[in-house]
Amino acid sequence: MIPGKESTNTPAAQDKVGSFAIFDFEYFIRRLLKNWYWFVLMAALGYGISWVYSKYYAQRIYASNLSLSISNSTASYFTPNQSINFIWGQTGNQDGVYLKKMLLSRSHNEYLVKQLDLYVNYATSGLIKQTYLDKYDSPVFLEIDRSSLQQVEYPITLIPKGGDRYEVVLPKEGQSRSLYSFELEGFKTVPKYVRPENKILALNQWYTSPNLKFKLIKNPQPSEIKFENIIISLSTVNNTVNNLVSTISVEFDKEISTIMMIGKKGYNLNGTVNFLNTSVAELEKKRLIDRNVVDKNTDQYLIDNLGKIRKKLDSSATVLNQMKVSEGLYDIKDRDEKSLENIKALDAKKADFLTRINSLNTIKNSLTSQNLDRMISTNSAGIEDGMFNATVAELKVLYAKRRELALIYTPSSEPMREINRLINEARTNSTGSLGNYYNTYVNEISKIDREIARANIDLVTYPEKERKYMDAERGYNMIEATYNVLLSKQNETQIRVATNKSDINVIDPAKNLGQGPIAPNIAKVKYIIMGGLLLLPLLLLAIGQVLDSRIRNIKELLQATRIPLLGVIGKSTHDNNLTVLEQPRSSISEAFRGIRANLRFLHKEDNQSKVILVTSSIGGEGKTYVSINIASVLGLSGKKTILLGMDLRKPKIFGDFKINNQYGISNYLTGEVEMAQIINKTSIPDLDVATSGPIPPNPSELLMSDRNIAFINELKNHYDFIIIDSPPVGLVADSFELMTYSDASIYVVRHEYTEKHMLKMITEKYHSHEVKNLGLVYNDYQADQGYGYGYGYGYGYGYGYFEEDANYQEPMLIKIRNKIRKIFEKN
């Protein structure tokens, strides 16, 4: 059975008739295999680009790390160790969170930027790329005059000239009138000036120009690497701090929250190591100062108060001694020693609370005056309140923040109102906490006074003179108790100052251990570049596949049209259309013989002559070529055959058979000549040809005329087969009319030429039974693609059976496949 003849006409199948797939995946895969060399080329190109990028353009980023532990024995407003969750919104390890805030704070990093001159950037330039340097890798340091205006982001190139001399080379353009002041940390516009000329500069010699003032200082420990040039540029303090903070990371150990890991990224490994170690060292110093400042303030506070109490104690002792001398009272007989000892203890206790209240008042005054640097320790007030300490720490941070904002915003601006609100809230929390302690102490003093009053009842029986003496003695004892309390607290404070040390302990300092760069990911970049380039031909082929609407797949053609396939014709390399006559042993000739055999399925087997019409969608699809060769194989088989050139608009047949086209079918249909005059003999005894003749003005009318129908019917009496080379149905409707008089129709589809949409009309007419006995011939199929349906002989060479096999060369993929097969067969 003819391929496709068995297709069904169910409703579901009818819906898909004439519909081609948008994307032919099978054909796409074959195209990929066919264009394999593009992928190899793109992969090689991608590898080369990634190698050049890695070697000459990729700027490596390095990272170093430092780990430290945080002690929990902290007693300072400015190093809080108690709960400050309400400040930072954190839970646990509050001291570590506070340290993290300090490490990432602007003030801390700005100090480091100025201390380490990090606003001076060093680099060196090679033939292709510029490499960043650490300051200590440079043979010289650049020291600016901070009092002079400087141009930032302006490269200064130093070229060694020998003898500790360097040529200062500035850019030929780019000098700016907007210069930066490192003292004011702002820009100032200067008058227009001429570009400074290059100059040879010795070490410690000032270079002065309208936009720069600096000198070069020799690195005491220069690197062994010799640089052909040093490129130095300045940055603003603000930009340097912002860039610096963005490269710092602070994390906490998941198991031990008091261990902190600090990381720093940068273009130079030594630079990151030096910065981390210096940053933590400065932080240790600041933490120790913060830990001591309160204790020192407290010590001074106690010294001042001890002096005052000492004077009172001396005065009280003088009064007591005078009474002893004047009244002669050295001892009182029959005293109630128990009551007196009780009163003495109560007086000492009262003196302690009065001392605490005095310390509370001093702390409160420091809060209200915003002079937090004068704060004394809450220990002097008998307070151990981490919440209060945290609140004071918060106030100090908020005050510093307000000072920064005041430089940018007006007092009535929203940021200033918000920071004032936070300050008032923190101040209220702190003073409220102090008020609670104050009320507690006042209540305690009231209780002591009541107990003293009860104890005094037992002393009212003493004579007046003796009572006065006991009152003076009590006053002396109370002042002495106060003095002793202050003296005890002073000793505690001095011991704390003497033994204080930083609560930061470095576990692993940052080191240059030859760590490799963390970025860029060279392997990833390589894969991205290679993948992108490999994707390019893939996308182009895919886009071409989607946009290409030509027929390339025989299987898809048959599935979409469900029209029987008569045969596949390979690509012809012959000079003319007479392939069957001049190359009878070729594969193409054999394919036409297969079509001849399949034609019997399109019409009934009887002794009547058969009319076979050959058409296509448009010109150029090989309709005439197929007509000539089908007629040739029929004539060679002994069947009396005539080939009619009825494509009156574009006659062709006469050229191949070398027939004079002066008279043809058009002349006969107009009645100019007789039938015998237009029938021409060929080299095949059983094959005659009637050419089209001159192009008429009315070809459609002539083909549809009764004379033409009679002409065809007359030929049936003389020939077994009548082959009609008709006009393309996609251009004119003549062929559809002629199909009604034919016994079978052949529709020629050309490989990679016929558009898919052109088959819609013939497919619909076939399945609506307007056209009957229709078969497809797939023409010009290229056998080297290895992509056929499996019918006919017009595809595939190399088997020694056809004429083409003598010059046949196997494709590379086929050779590889055959070699692999041989290896497995041997095994």
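Look up a bit, the structure's there.
Undergrad: Break down a nonpolar patch on the surface for me, with residues and values.
TA: A cluster of nonpolar side chains, Ile 22, Phe 23, Phe 25, Ile 29, Leu 33, Leu 535, Leu 539, Ile 543, Val 546 and Leu 547, forms an exposed patch at the surface whose accessible area comes to about 970 Å². Elements with a minimum of two residues in the nonpolar patch: helix 2 (25-34) and helix 13 (522-547). Mapped onto the elements of the fold, Leu 539 is located in helix 13. Given a relative accessible area of 44%, Leu 539 falls into the partly exposed group.

Undergrad: Give me the lowdown on the packing of aromatic side chains, citing residues and values where you can.
TA: Within this structure, the stated rule accounts for 13 aromatic pairs. Among the aromatic residues, those joined into a cluster by ring pairs are Tyr 119, Tyr 180, Phe 182 and Phe 187. Its guanidinium or amino end placed over the ring of Phe 141, Lys 135 lies 4.9 Å from that ring's centre, counting from NZ or CZ.

Undergrad: Pulling in residues and values, what's your account of the sheet that holds strand 20 (residues 687-690)?
TA: Whenever strands of a sheet pair, they do so through backbone hydrogen bonds, lying parallel or antiparallel. Strand order in the open sheet made by the eight strands is 16-23-22-17-21-18-20-19, with mixed pairing throughout. Only two strands of the sheet have a single partner each, and these edge strands are strand 16 (565-570) and strand 19 (679-681). Neighbouring strand axes in the sheet, compared pairwise and without regard to direction, differ in orientation by 25° on average. Alignment of strand 18 (residues 641-645) against strand 20, held across four bridges, turns out to be parallel. Bridging across to strand 20, Thr 641 finds its partner in Leu 687. On the sheet, helix 16 (residues 587-598) packs against strand 16 and strand 23 (774-781) and is oriented at approximately 170° with respect to strand 16.

Undergrad: So what about the nonpolar core? Which residues, and what values?
TA: By size, the foremost hydrophobic cluster in this structure holds 50 residues, and its most contacted members are Leu 142, Leu 158, Phe 214, Leu 216 and Ile 262. In terms of residue count, helix 8 (residues 269-327) provides more of this core than any other element does, five residues in total. Excluding its chain neighbours within four sequence positions, the residues that come into contact with Leu 142 are Val 120, Tyr 122, Ile 156, Phe 214, Lys 215, Leu 216, Ile 232 and Leu 234. Grouped together as the second largest cluster of nonpolar side chains are 44 residues, Phe 711, Phe 736, Met 739 and Tyr 781 included.

Undergrad: Provide a residue-level description of the pattern of salt bridges, including the pertinent values.
TA: Between side chains of opposite charge, pairing is possible as soon as their charged atoms come close. Scanning all chains against the criterion turns up 24 salt bridges. For Glu 425, the salt bridge is made with Arg 421, and the minimal N-O distance between the two is 3.1 Å. With Glu 425 and Arg 421 both in helix 11 (residues 414-456) and four residues apart, the pair spans about one turn of that helix. A residue is classified by how much of its surface remains accessible, and Glu 425, at 42% relative accessible area, is partly exposed. A salt bridge links Lys 681 to Asp 688; its shortest N-O distance comes to 3.4 Å. Through salt bridges with shared partners, a single network forms among Arg 106, Glu 110, Lys 114 and Glu 185.

The rules behind the values
Residues numbered from 1 in each chain as written. Predicted model: local features only at pLDDT ≥ 70, side-chain atom pairs only at ≥ 80, totals over all residues. Heavy atoms only, no water. Patch = residues over 30% accessible without salt bridge, like charges linked within 9 Å, V, L, I, M, F, W, Y side chains within 5 Å. Areas by Shrake-Rupley, 256 points an atom, 1.4 Å probe, with all protein chains shown as cover. Salt bridge = Lys/Arg side-chain N within 4 Å of Asp/Glu carboxyl O. Helix = DSSP H or I, 4+ residues; strand = E, 2+ residues; numbered from the N terminus. Buried < 20%, exposed > 50% of the residue type's maximum accessible area, 1.4 Å probe, protein only. Phe/Tyr/Trp six-rings, centres within 6.5 Å; stacked < 30°, edge-to-face > 60°. Lys NZ or Arg CZ within 6 Å of the ring centre and 35° of its normal. Pairing = 2+ DSSP bridges. Axes fitted to C-alpha atoms, helices over the stretch in contact; angles between N-to-C directions. Contact = heavy atoms within 4.5 Å. Core = buried A, V, L, I, M, F, W, Y, C linked by side-chain atoms within 4.5 Å.

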